[in-house]
Amino acid sequence: MIKAVMMMNTQGKPRLAKFYDFLPVEKQQELIRGVFSVLSSRPENVSNFLEIDSLFGPDSRLVYKHYATLYFVLVFDGSENELAMLDLIQVLVETLDKCFSNVCELDIVFNYSKLHTVLDEIVFGGQVLETRTDEVMKAVEEISKLEAASNSISLVPKSVSGWRGGR
Amino acid sequence: MEQLKTIGRELAMGSQGGFGQSKEFLDLVKSIGEARSKAEEDRIVLSEIDILKRKLLEPDIPKRKMKEYIIRLVYIEMLGHDASFGYIHAVKMTHDDNLLLKRTGYLAVTLFLNEDHDLIILIVNTIQKDLRSDNYLVVCAALNAICRLINEETIPAVLPQVVDLLNHQKEAVRKKAIMALHRFHRKSPSSVSHLISNFRKRLCDNDPGVMGATLCPLFDLISEDVASYKDLVSSFVSILKQVTERRLPKSYDYHQMPAPFIQIKLLKIMALLGSGDKSASEIMYMVLGDLFRKCDSSTNIGNAILYECIRCISCIIPSPKLLEAAADAISKFLKSDSHNLKYMGIDGLGRLIKISPDIAEQHQLAVIDCLEDPDDTLKRKTFELLYKMTKSSNVEVIVDRMIDYMISINDNHYKTEIASRCVELAEQFAPSNQWFIQIMNKVFEHAGDLVNIKVAHNLMRLIAEGFGEDDDDADSKLRLSAVESYLQIISEPKLPSLFLQVISWVLGEYGTADGKYSASYISGKLCDVADAYSSDETVKGYAVSALMKIYAFEIASGRKVDVLPECQSLIEELLASHSTDLQQRAYELQALLALDARAVESILPLDASCEDIEVDKDLSFLNGYIQQAIESGAQPYISERERSGMLETTDYHSQDHHEVPPHALRFEAYERPKPSSVPTQASTELVPVPEPSYYSEAHQPISTSSVSERESSEIKLRLDGVKQKWGRPSYQSSTSASSTPPQAENGTSSHPDVGVGSSSLKPRSSYESKKPEIDPEKQRLAASLFGGSSSSRSDRKSSSGGHKPAKGTASKPPKENPIPVQPPPDLLDFGEPTATSVTATDPFKELEGLMDSSSQDGGSTDVMGLYSDAAPVTTTTSVDSLLSELSDSSKGNPGTYQSQTSKGPNSKEALEKDALVRQMGVNPTSQNPTLFKDLLG
């Protein structure tokens, strides 16, 4: 099972952090910092794998990939295959690349919810759901269309006093 | 595609519907991006939180604005700040009909809330509605949300809908419904146990994607219960065959590999099913062979499948041909330039080596390359492999390597792990005891604060016991070499505390044993240690005890003892120490110096740490004393059971001082102190010192005990009902202690210790049996690592278990054991049984402490024990002198003596009080002479 998906830039700023089991915010931060400090100390041209029991508990592995200014990180347990996880990062990046044509850190920063949409299509509840880039794209596209449609309707600001009053 | 591109860009520009809609938000992201320091970032985020708090309170927030706020909240929380003030708004947003807003709401709540959050209850209804929606995207969004938001209690609320969705026309929905069910299964297997057949059904889904998704839950189910899925073996094999033959639509290809993720899942499942099952394995041979042939090892994903095949083969019962193919694949991995593949190769090697141990030999050079690789991950994996292939012929090389690596790293977590592995290997395969001690010294020196304290005790025991009783010469050589190595190391700066404890103990025990070093030399060294590590009370305690032993041996052998001036000043310093333990030891040492040779010898016999001790459980040797006491007017002991039955009578007697609430809540937990649960607390474990008087703490010294007792018994009366309710069973179970004669209290309560002590000695490692097997060709690392395979590791392991249990280590301790202040089992519920278990720690610690505890009180009881225990007759003078010491040293609170009238129960009471004081966290500052005054009459 995949435990977490993270993206962070080379300064250690988190760009996306999704944990498939709930963790309190402080713990999440601790893990993000911990992962970053390990990653940033790794030399180049070494393997993309790390055994990271010290942060995520026994039998935790981590696969990361470094693209330009971003680290893509997957944390998972022994029931996944390291090399396959490496390819999963590849799938994610390829998909994002198709979404944003030449994805860069900025795209990711400013399209937070879309990023999550893409990720949710690929990894679902900690399991790999879909690895076909085209399928993911199709799903994301449909959602975007529908969102755009519904968005245009709601462009007219409505009074929301109704549901504020519900408090 | 083009369209998407533009959408993406537009989103990035914040022109519509995307993330950053307002300038404010863009500014926020930008300023955070530009923040130079964490502090600056925090400042920006905090002000953003203020803004959001204010804005969220405004009435009539347009929905689009609200959506942006929510996204900002998510962003803030990702940066590590609390956004809980806005959770409710995210929850509300999930109720919205607009898909965009709904999805945003769901996204936010899945990130914000855990499944047990109070707000979840507000979402369940929405989820239920959405799962029934006609729009499959809404359904998908809801399915996504339930993975994170539904807990065991709420599963039934959505389960029917999710099951319905298994037959939804859209495969995307079916897939997600399966995953959601899988998630439920993980959270609460019982809630979906009746639905498991659905997974089997979905395996035959028309859509390969849905079939692939089904493999995830099936993998979990099969790993829980292999037997009931054996019938699926051929199905899985045929699916895998079809996949490899490219029967799936082209769209499932990834890097020219047909559906690789499905293949990997299938291989994992097959590994489970074929494990230990010859017939199931045979069905798989064909397809596995095909995979090895077909797999494209030029792509990453192809190698992933190859690796999975290797892993599968290592689990099932393989055919020789497959093993060969796997070995080939591994050698390809190892020869590759990619670190990733090397890593997988080493991992695969580690798996296969269990089946064919000689497989590693052909890759020895590659393995050594990996060992010297700068990549830490690879290195660690290689150490793991070496660890798996260690045998007595290569243990020296491997452990040396491990220690070198251990010294070179800073990562404490891994350091601990590798240190414990070194210890484990050394204990298992040590060719000689000298080597073992050397290795232990290195481990302690470099990772002393990280290794388990048991390791230290093992080492001490090894040194104490040596090879076995028939070879005294070798033993003393071993000890001498240990002493010499420690004398060398001892002057190095900043040694870990644990190591110093070992050093002090060994020096105390054997420093002067063979006459090579003089007592004053060793004691000087020990004083240096105590000086240099003056902040470490445990080390100081060990050092003082060691001093005491040295002097004791000197006295016993009839030599005159010159206490070095620095020792004298150390003792004086410790006499005034804030630590009772140290103070106690210092007084003991002082008392010991005044004793004559015979007394000293019976207190601290030479090299007696491994002698067997006989424990007189009934404490029959006290019978005479009891008789005497009763004759002289003492009240006979009333067992607890009786006491609880007739409460009024307890009033006359002082013994019933145990706290009152304890009657209500103390339970079995106290009876069997578990050594493992003992916090290794330095000051308490060293010497089971009778705790300093409770009176001086809780009452004024002058306050007589009877007063307090009356109080307590009154309270006790009041709480009678409670006791009736809770107390009875515990009394019964604890009566072994209370039914014995009064003075027995001490002894009986310490029985558990003795038991624990001796039992924990049993898993003694098999040093004695290991004959030195020295690999002659150490020069070549490879040769030494892989050559000369004698017995396999597993043999060793199994055999090592059967070695004779250690002979009782501690001869003395149990004799003195009455001293450890064991709170009687009926003692109270003040929290953890720290005080109780203190004495039950590692037998060695105990031993260590006890050996030295010839203090006033400690010594005296011991002597008592020796008398009637048919031990060598000890002079009464020792008792006298001890007593005089005792009264000298307790000038501080003379009042405590007054109330003592030779009652056994009193001593018990004192024990209780001591324990109580301890448990209340009070640091006792004076001795407790009451206890032994009692015992001695």
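Everything below is about the structure printed above this text.
Since this is a predicted model, take the numbers as computed values, not measurements. (Residues numbered from 1 in each chain as written. Chains lettered and ligands numbered in written order. Predicted model: local features only at pLDDT ≥ 70, side-chain atom pairs only at ≥ 80, totals over all residues. Heavy atoms only, no water.)

Enquirer: Residues and numbers for the environment of Gly345(B), please.
Expert: Counting through the fold element by element, Gly345(B) comes out in helix 18 (residues 339-352). When sequence neighbours within four positions are dropped, the list of residues in contact with Gly345(B) reads Ile330(B), Phe333(B) and Leu334(B). (Helix = DSSP H or I, 4+ residues; strand = E, 2+ residues; numbered from the N terminus. Contact = heavy atoms within 4.5 Å.)

Enquirer: I'd love a proper account of the packing of aromatic side chains, names of residues and values included.
Expert: Throughout the structure, instances matching the rule amount to 12 aromatic pairs over all chains. With a centroid separation of 5.5 Å and an interplanar angle of 90°, the aromatic rings of Tyr67(A) and Phe72(A) are classed as edge-to-face. On the accessibility criterion, Tyr67(A) (24% relative accessible area) is partly exposed. With a centroid separation of 4.6 Å and 25° between ring planes, the pair formed by Tyr87(B) and Phe112(B) is classed as stacked. (Phe/Tyr/Trp six-rings, centres within 6.5 Å; stacked < 30°, edge-to-face > 60°. Buried < 20%, exposed > 50% of the residue type's maximum accessible area, 1.4 Å probe, protein only.)

Enquirer: Quick rundown of the pairing of strand 1 (residues 2-9) of chain A? Include the residues and the values.
Expert: All names here are of chain A. Burial analysis of strand 1 places seven of its eight residues in the buried class, which makes it a mostly covered element. As paired strands, strand 1 and strand 5 (residues 70-77) are joined by seven bridges and run antiparallel to one another. Among the inter-strand pairings, Val5 is bridged to a residue of strand 5, identified as Leu74. Relative to strand 2 (residues 14-19), strand 1 is paired through five bridges, and the arrangement is antiparallel. Looking at strand 2, one finds that Met8 is bridged to Pro14. Between strand 1 and strand 2, which follow one another and run antiparallel, lie four residues, and Gly12 among them has a positive phi close to 95°. (Pairing = 2+ DSSP bridges.)

Enquirer: Summarise helix 1 (residues 25-40) of chain A; cite the residues concerned and give the values.
Expert: In this model, helix 1 of chain A (16 residues) spans 22 Å end to end at C-alpha, consistent with the 22 Å of a helix rising 1.5 Å per residue. What helix 1 of chain A keeps buried is the set Val25(A), Gln28(A), Gln29(A), Leu31(A), Ile32(A), Gly34(A), Val35(A), Phe36(A) and Leu39(A). (Expected span 1.5 Å × (residues − 1).)

Enquirer: Which residues make up the interface of chain A and chain B, and what values go with them?
Expert: In this assembly, 77 residues from chain A lie in contact with 89 residues from chain B. Counting each side, the surface lost to burial between chain A and chain B is near 7,900 Å², with a carbon and sulfur contribution of 57%. Counting every contact that joins chain A to chain B gives six salt bridges. For Lys175(B), the salt bridge is made with Glu130(A), and the minimal N-O distance between the two is 2.5 Å. (Buried area = accessible area lost by both parts, 1.4 Å probe. Salt bridge = Lys/Arg side-chain N within 4 Å of Asp/Glu carboxyl O.)

Enquirer: Residue-level account of the packing of helix 24 (residues 453-465) of chain B against helix 26 (residues 497-510) of chain B, with values.
Expert: Residues and elements named next belong to chain B. At a minimum axis distance of 10 Å, the contact between helix 24 and helix 26 shows a crossing angle of 20°. Classed by the angle they form, the pair helix 24 and helix 26 counts as roughly parallel. You can see that helix 24 and helix 26 cross each other, and the crossing is right-handed. Together, Ile453, Ala456, Leu459, Met460, Ile463 and Ala464 of helix 24 and Leu498, Val502, Trp505, Val506 and Tyr510 of helix 26 make up the contact between the two elements. (Axes fitted to C-alpha atoms, helices over the stretch in contact; angles between N-to-C directions. Parallel < 35°, antiparallel > 145°, perpendicular 65-115°, else oblique. Left-handed = near helix turned anticlockwise from the far one by under 90°.)

Enquirer: Tell me about the side chain of Asp207(B), residues and numbers included.
Expert: For Asp207(B), the position within the fold is in the loop between helix 11 (196-202) and helix 12 (208-224). The residues contacting Asp207(B), other than those within four sequence positions of it, are Glu171(B), Arg174(B) and Tyr252(B).

Spatial relationships are all this shows, so hold off on functional conclusions.
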